Each structure stands twice: as C-alpha cells, then as structure tokens.
Amino acid sequence: MKIAIIGAGYGGMAAAWDLKRAGHEVTIFESADFVGGLASGFKEPHWDWSVEKFYHHWFQTDSEMMSLIRELDLDDKVIFPRPLTVMYHEGKFYPFDSILKALLFPGLGFGLDKIRFGFVGLFLRLTNNWKALETVTADSWMMKWAGKNVYEKMWKPLLIGKFGPFYRDVNMAWMWARIKARTTRLGTFEGGFQRFADLFADRLRDWGVEIRLGVKVESIKREQAGLSVRSDGKTESFDKILVTTSPNLMAKLSPDLPENYLKGLLELKSMGAVVMVLSLKEQLSKDGYYWFNLPKEAGFPMLALVEHTNFVPPEHFGGDRIVYAGDYLEAGHEYFSLSDEQLLEVYLPAFERINPEFKRDWVKKVWVFKTNYAQPVPLVNHSKNIPAIQTPIDGLYFASMSQVYPWDRGTNFAVEIGRRAARLMLG
Ligand SMILES: Cc1cc2nc3c(=O)[nH]c(=O)nc-3n(C[C@H](O)[C@H](O)[C@H](O)COP(=O)(O)OP(=O)(O)OC[C@H]3O[C@@H](n4cnc5c(N)ncnc54)[C@H](O)[C@@H]3O)c2cc1C
C-alpha cells in the first residue's frame with residue numbers, strides 16, 4: 001500500500017515505523033521544518049543538549065514509549081534522575097514526591113485530612129474501574145470522598161491550573177488516570193527529546209520512509225481511485241492516510257467527513273498552553289527543586305515553574321540555568337497576545353517569590369512557545385464522545401491526543417495510539 005501520514009510527531013512517527021516494517025510505502029508530511037511535534041526542542045549554539053519548547057519528561061510507567069525506544073536500540077540513552085517536586089503552603093515550598101514527604105507535608109495538618117488524602121490516593125491507584133469514575137466530575141467526587149479541605153488544598157489548584165474555566169466539568173477518570181499512570185522518578189533522553197526524535201526520524205529514513213519537512217497539507221479528498229493529499233499546490237494519491245493533527249485541523253483538512261463525525265471532532269474541548277523558557281545566569285532554586293506546583297489562589301501568575309537544570313545538569317547548556325514558566329489557558333486568554341517582554345513582566349514577581357535574591361539581570365534570554373492544542377478537556381461520560389480512529393471515509397484514519405482517553409495526553413500515549421492506528425490500517 002501507498003500510505004501518507006500527516007504529522008511527524010511521536011504518533012505519526014510511531015505509526016510510520018510499524019507500517020514501513022510491514023512492507024508498505026510510507027510518506028510523512030510535516031508542516032514544520034523539524035520532527036517531534038509538541039515534544040520538539042531547540043538549542044542555543046553553546047548548548048550540547050536541546051531544551052523542549054514545552055517542558056517534557058517520561059514516567060517509569062510509560063511502557064509504550066520505553067518499548068519503542070528498546071526496539072530502536074536507544075535504551076542506553078534514557079536516564080531517570082529523581083528530581084524534587086514541591087508544593088506550596090503558606091509562603092513556603094515543601095517536597096512532595098514520596099509517601100513519607102506527603103505525610104510530612106504540613107498543608108493538610110496531621111489528622112483526619114491526611115488519612116483521607118492517603119485513602120483516596122490508595123483507592124485510585126488500586127482501582128481499574130475508570131468507567132464508573134467518568135460518570136462524575138472530579139470536583140464532586142473529590143469533595144465527597146477526599147473532603148473539602150483535602151480537595152481545596154491538594155486537587156482543586158491542579159484542576160484550576162490545568163483546565164481554568166472548565167475545572168468543575170472535568171470527569172474523575174482524568175484524575176484517576178493521572179494518579180494511576182505517574183511515577184515520581186522522571187525520565188529524559190540524553191541530548192533532549194529533540195535528539196530522540198531526530199534519531200527516530202533517521203531510523204525511519206534508513207528504512208525508506210520519506211519524511212517531507214516544511215510541507216503543509218491543505219486538504220484530503222476521497223477520489224475514485226483512493227485518497228488524495230493536496231499540499232504546495234500539488235495533489236498526490238494514496239491508498240490510506242493517517243492524520244495526527246488536532247481534531248479542529250482534521251475537520252478543516254477533510255470537510256467531506258460525514259456531519260456526525262465532523263460535529264464530534266468540533267465539539268471536543270481542549271486547552272492551549274503558553275510556556276516561557278528562560279536561560280538564567282544563576283540557579284533559581286537554591287534547594288535544587290525541579291518542579292514547583294503553584295496555586296493560582298496564592299497569586300502566582302502561572303501553573304508551574306520548572307527548573308530544568310535541577311533535573312539535568314547545567315553543564316549540558318554551557319552553564320546556563322534553564323527555567324520554564326508555563327500555563328494551560330483557554331483560547332483567547334490575554335497571555336496569547338502579550339509580547340515576550342510583557343509576559344516576562346507578568347512572570348517576574350513569581351521568580352522573586354521563589355528566590356528573594358533573584359535579580360532581573362540574571363535573565364540572559366527568553367523564548368515563548370504557544371499552542372492552541374495542549375490539553376484535551378474530558379467531560380462527564382467522555383468515552384462516548386471519542387472519535388473513532390477509523391473515520392467513516394474508507395482509508396482515512398485519525399489519531400490525536402484527544403483519543404488516548406482515559407489516559408492523559410503524553411508522548412507515551414501518542415506512541416500507543418499511533419501504533420494502534422497502524423494495526424487498524426494493516427487490517
Ligand atoms: C505544555 C505541554 C507539556 C507536555 N508535557 C509532557 C510530558 O512531560 N511528557 C510527555 O510525554 N508528554 C507531554 N506533553 C504531551 C506531548 O507533547 C504530546 O502528547 C505528544 O507530543 C503528541 O504527539 P502527536 O504526534 O499526537 O501530536 P503532535 O506532536 O502535535 O504532532 C502533530 C504534527 O502534525 C503537524 N501538522 C499539523 N498540521 C499539519 C498540516 N496541515 N500538514 C502537515 N503537518 C501538520 C504538526 O506540526 C506536528 O508536528 C506535553 C504537551 C504540552 C503542550
């Protein structure tokens with residue numbers, strides 16, 4: 001078969017890997033000049049490693065990702081350091097990445113609340129019945145079972161940070177999936193995620209996959225003799241096509257899809273993200289903390305502050321300290337239209353709260369990355385609304401972050417759904 005894949009992110013490349021090895025002719029169309037999609041990175045000339053545009057790490061439970069890496073014989077380049085995650089309580093940050101640290105966290109006192117927090121966490125880790133959990137919102141379930149105090153202190157800030165105005169609508173299966181599939185040990189690739197994506201793309205090319213970078217697909221049409229892809233004013237025929245873009249883009253690319261399917265795509269909700277990356281002259285967290293969970297209620301202008309060089313050594317970045325300040329935001333939020341300089345002004349006070357010695361002249365350079373499609377929002381009974389990978393158009397397939405549910409989006413699940421799509425395409 002002659003197969004086209006739209007998108008050279010992790011999903012598209014994973015599908016290409018299986019389709020090519022099954023003996024088919026595979027062409028990947030990628031609008032960007034690089035592979036890796038949302039998990040891509042960038043590099044300054046004096047850095048040895050790249051930095052992800054949007055902070056990224058793997059969990060030890062990311063089995064799909066790890067087995068693909070093993071197949072590519074690149075597992076000796078995966079590292080799993082143990083960085084420190086901290087929670088905020090009354091002006092201070094407390095480590096929160098082990099059972100012991102959670103027990104010592106003063107934010108929940110040392111009585112009944114801590115016991116409820118522990119039991120709810122344990123129940124969610126042990127149960128597999130996410131179907132029951134998707135029938136209620138995380139807001140109402142947590143309020144009932146964890147209690148008002150625990151919910152408001154621990155879980156509500158996370159929901160608000162991730163889903164903004166939709167935080168009360170997200171179903172409890174999302175929360176279950178987060179607790180179920182995450183570990184405190186976090187992984188990365190030597191050289192950064194971009195290095196992995198580039199090595200993966202090289203391996204695909206070695207096998208004969210054609211990767212066309214900088215080629216934006218404009219439309220996909222069902223023709224008599226197959227499916228056609230239009231890009232750069234040219235039309236080319238394929239037997240099968242896999243699209244790995246956002247649902248919105250899929251609807252635009254293929255308007256001939258039946259109304260029901262199109263409506264399903266367009267009704268899916270998602271949050272965008274705005275992430276600033278800074279290179280600093282000095283270490284921001286003197287305690288060596290990696291991930292700061294920041295509650296908006298305490299006046300922080302972002303959800304997460306992440307000191308990347310407290311996860312991987314600054315020597316890989318010529319001694320620069322790399323810090324992310326990031327937020328999930330609904331389309332149209334003012335941060336999307338601020339200039340880099342204006343956004344820096346909004347964020348700077350938070351740096352001073354993390355380290356009172358922080359000075360503006362520590363900032364060497366900033367980069368700002370924005371995307372409208374960063375985090376799908378799963379509403380109650382979401383499993384009924386997931387678009388099928390095999391679309392109603394014969395030969396046309398769709399695999400995106402919005403379909404990996406009940407799991408939360410991530411490169412691991414992009415690989416899983418890409419390979420699942422490939423299996424369906426192979427029949
Ligand atoms: C802020 C943030 C933090 C994240 N943190 C993590 C993390 O810590 N760990 C983790 O594993 N995952 C994380 N993720 C999620 C992870 O990045 C995604 O789940 C994964 O990269 C999705 O891969 P994909 O192939 O499905 O889609 P994408 O990476 O979006 O790939 C789709 C590709 O299609 C291309 N494309 C779009 N339109 C066209 C067109 N018309 N023609 C041709 N090409 C087109 C795009 O350029 C893109 O390269 C994070 C994401 C965000 C936004």
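Residues numbered from 1 in each chain as written. Predicted model: local features only at pLDDT ≥ 70, side-chain atom pairs only at ≥ 80, totals over all residues.

Draft legend 1. Local environment of the nonpolar core. The biggest cluster of nonpolar side chains holds 127 residues, and the ones touching the most others in it are Ile5, Met13, Ala16, Ile241, Leu242 and Val323. The element best represented in this core is strand β15 (residues 269-280), accounting for eight residues. Taken domain by domain, the makeup of this core includes at least three residues from each of domain 1 (2-39 + 192-268 + 387-426) and domain 2 (97-180). The residues touching alanine 16, leaving out its near neighbours within four places in the chain, are Ile5, Val26, Ile28, Leu204 and Val209. (Core = buried A, V, L, I, M, F, W, Y, C linked by C-beta atoms within 7 Å. Buried ≥ 20, exposed ≤ 12 C-beta atoms within 10 Å, placed from the backbone. Helix = DSSP H or I, 4+ residues; strand = E, 2+ residues; numbered from the N terminus. Domains from an automatic or database assignment. Contact = placed C-beta atoms within 7 Å.)

Draft legend 2. Structural context of the site of the ligand. In the vicinity of the ligand lie 36 residues, with Gly7, Gly9, Gly11, Gly37 and Phe54 positioned nearest. Here the residues of the shell around the ligand are counted per class, giving 17 nonpolar, 16 polar and three charged. (Near = placed C-beta within 6 Å. Nonpolar A, V, L, I, M, F, W, Y, C, P; charged D, E, K, R; others polar.)

Draft legend 3. How the structure looks around unusual backbone geometry. The omega torsion of the bond from tyrosine 405 to proline 406 falls at 15°, within 30 degrees of zero and hence cis. With respect to the helices and strands, proline 406 occurs in the loop between β20 (396-398) and α13 (411-426). Positive phi values are uncommon outside glycine, yet glutamate 90 reaches one of about 45°. Structurally, glutamate 90 can be placed in the loop between β7 (84-89) and β8 (92-95). Under the C-beta neighbour-count criterion, glutamate 90 is labelled exposed, with 7 such atoms within 10 Å. You will see that aspartate 232, though not glycine, has its phi angle at about 50°, which is positive. Its location among the elements puts aspartate 232 in the loop between β12 (226-231) and β13 (234-238).

Draft legend 4. Just helix α2 (residues 63-71), in detail. When α2 is considered as a whole, its buried residues turn out to be Glu64, Met65, Leu68 and Ile69. Viewed along the axis of α2, the buried residues span an arc of 135°, placing them on a single side of the element. Buried residues in α2 make contact with α1 (10-21), β5 (58-59), β6 (78-79) and α13. Of the residues trailing α2, aspartate 73 is marked for its positive phi of about 60°. (Arc of directions from axis to C-beta.)

Draft legend 5. Just the domain arrangement of the protein chain, in detail. Along its sequence, the protein chain is carved into domain 1 (2-39 + 192-268 + 387-426) and domain 2 (97-180). Computed from C-alpha atoms alone, the centre-to-centre distance between domain 1 and domain 2 is 35 Å.

Draft legend 6. View of the pairing of strand β1 (residues 2-6). Taking burial as the measure, the five residues of β1 include four buried ones, the bulk of the element. As paired elements, β1 and strand β2 (residues 25-30) share five bridges and run parallel to each other. Counted as the bridge partner of alanine 4 is threonine 27 from β2. Chirality of the crossover, the property in question, places the unit of β1, α1 and β2 among those that are right-handed. Taken together, the four bridges between β1 and strand β14 (residues 240-243) define a ladder with parallel strand orientation. Directly across from alanine 4, in β14, lies its bridge partner isoleucine 241. (Pairing = 2+ DSSP bridges. Right-handed = clockwise from strand over helix to strand, strands pointing away.)

Draft legend 7. Structural view of the packing of helix α6 (residues 138-145) against helix α7 (residues 148-163). For the pair α6 and α7, the least separation of the axes is 8 Å and the interaxial angle reads 155°. Judged on the interaxial angle alone, α7 and α6 are roughly antiparallel. When the axes of α6 and α7 are compared, the crossing they make is right-handed. Side by side, α6 and α7 meet where Ala138, Asp139, Met142 and Met143 of the first sit next to Lys148, Tyr151, Trp155 and Leu159 of the second. Considered class by class, the residues forming the contact of α6 with α7 number six nonpolar, no polar and two charged. (Axes fitted to C-alpha atoms, helices over the stretch in contact; angles between N-to-C directions. Parallel < 35°, antiparallel > 145°, perpendicular 65-115°, else oblique. Left-handed = near helix turned anticlockwise from the far one by under 90°.)

Draft legend 8. Structural view of the sheet that holds β6. Spatial strand order, β5-β9-β6: three strands in an open sheet with antiparallel pairing. Across the chains shown, the open sheet's two edge strands, defined by having one partner strand only, are β5 and β6. Where β5 meets strand β9 (residues 186-189), two bridges bridge the pair, whose relative direction is antiparallel. Within β9, the residue paired with phenylalanine 59 across the bridge is leucine 186.

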